[in-house]
Amino acid sequence: MIGKLNHVAIVVPDLTISRERYMTLLGADVSLPVDLHEHGVTVCFVQLPNSKVELMTPLGSSSPVATFLDRNPSGGMHHVCYEVEDIRTARDALVAGGARVLGTGEPKIGAHGLPVLFLHPKDFDGTLIELEEVKQIASS
Ligand code: CO
């Protein structure tokens, strides 16, 4: 069902500092920060040859990652994102298999303008999983 690793997400206390560190110390290409009001986070993406790292920090007072940062003041790994071809088909199969989908169960539009869902970390070894619907382009 799952395809490529789309990204690993890390919550950081200061996005400007972390972004700068990835660019200067690690020599990475990093996108400009974008505010995602619906998700309560500001994000930027570190572009790697085979995947991405999402650096995210709370946006607004009711951000879902604010409590994460309270528990992990220096930041930490937050979720992994796997690509799926059809997010509703994947969701239905997961729910039928006993996995829990967070929120309403309906996909939201994520950072890349594509539908995303989150799965309960207690069902996956303590790891929050994001699924992102990425239509597969014919492979070369
Ligand atoms: Co993500």
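Above this text you will find the structure in question.
The following paragraphs examine the structure supplied in this document. (Residues numbered from 1 in each chain as written. Predicted model: local features only at pLDDT ≥ 70, side-chain atom pairs only at ≥ 80, totals over all residues. Heavy atoms only, no water.)

Some thoughts on the overall build of the protein chain
At step 1: Within the protein chain, the regular secondary structure consists of three helices and nine strands.
At step 2: Order of helices (α) and strands (β) in the protein chain, N terminus to C terminus: β-α-β-β-β-β-α-β-α-β-β-β.
At step 3: Against the 2.2 N^0.38 benchmark of 14 Å for 140 residues, the protein chain shows a C-alpha radius of gyration of 15 Å, consistent with a compact globule.
At step 4: Residue burial in the protein chain is summarised as follows: out of 140 residues, 42% are buried.
At step 5: Considering only contacts in the protein chain between residues 6 or more positions apart, those separated by 24 or more positions represent 54%.
At step 6: Taken as a whole, the protein chain presents about 8,100 Å² of accessible surface, with 56% of it coming from carbon and sulfur.
At step 7: In the protein chain, 11 positive and 17 negative side-chain charges are present, and the distance between their average locations comes to 3 Å. (Helix = DSSP H or I, 4+ residues; strand = E, 2+ residues; numbered from the N terminus. Rg over C-alpha atoms; globule rule 2.2 N^0.38 Å. Buried < 20%, exposed > 50% of the residue type's maximum accessible area, 1.4 Å probe, protein only. Contact = heavy atoms within 4.5 Å. Areas by Shrake-Rupley, 256 points an atom, 1.4 Å probe, with all protein chains shown as cover. Lys, Arg positive; Asp, Glu negative; His and termini not counted. Charge placed at Lys NZ, Arg CZ, Asp CG, Glu CD.)

Observations concerning helix H1 (residues 15-24)
At step 1: Listed as buried for H1 are Leu15, Ser18 and Arg19. Within H1, the buried residues cover an arc of 100 degrees as seen down the axis, which keeps them to one side. Looking at H1, the residues exposed on the side facing more than 90 degrees away from the buried face are Thr16 and Thr24.
At step 2: As for H1, its buried residues are in contact with strand E2 (29-30), strand E4 (41-47) and strand E5 (52-58).
At step 3: One side-chain oxygen of the residue at the start of H1 lies 3.0 Å from the amide nitrogen of threonine 16, identifying that residue as aspartate 14. (Arc of directions from axis to C-beta. Polar contact = N/O pair within 3.5 Å; in protein donor to acceptor, adjacent residues only side chain to side chain.)

Side note on unusual backbone geometry
At step 1: Phi at aspartate 125 takes a positive value of approximately 60 degrees, unusual for a residue other than glycine.
At step 2: Take aspartate 125: it is sitting in the loop between strand E8 (115-119) and strand E9 (128-133).

Comments concerning the pairing of E9
At step 1: In terms of burial, E9 is a largely internal element, six of the six residues being buried.
At step 2: Because side chains alternate across E9, one face comprises the buried residues Leu128, Glu130 and Glu132, and the other comprises Ile129, Leu131 and Glu133, equally buried.
At step 3: Two strands pair when backbone bridges link them, and strand E6 (residues 76-84) and E9 are joined in this way by six bridges, in the parallel orientation. Across the sheet, residue cysteine 81 finds its bridge partner in E9, namely glutamate 130.
At step 4: In this sheet, E9 lies alongside E8 in antiparallel orientation, the contact comprising four bridges. Bridge pairing links valine 116 to glutamate 132 in E9. (Pairing = 2+ DSSP bridges.)

Some points on the coordination of the cobalt ion
At step 1: On the protein side, the cobalt ion has His7 (NE2), Glu54 (OE), His79 (NE2) and Glu130 (OE) as donor atoms, found 2.1 to 2.3 Å from it.
At step 2: Between the four donor atoms coordinating the cobalt ion, the angles at the centre fall across 84 to 173 degrees, so the site counts as irregular.
At step 3: Between the donor residues of the cobalt ion, the gaps in sequence give the motif H-x46-E-x24-H-x50-E. Placement of the pair is glutamate 54 in strand E5 and glutamate 130 in strand E9, with a sequence separation of 76 residues.
At step 4: Residue classification places glutamate 54 among the buried positions, given a relative accessible area of 5%.
At step 5: With relative accessibility at 6%, the residue glutamate 130 sits in the buried group. (Donors = N, O, S within 2.8 Å, 3.2 Å for Na, K, Ca; no water. Tetrahedral: all angles 85-135°; square planar, octahedral: opposite > 155°, others 65-115°.)

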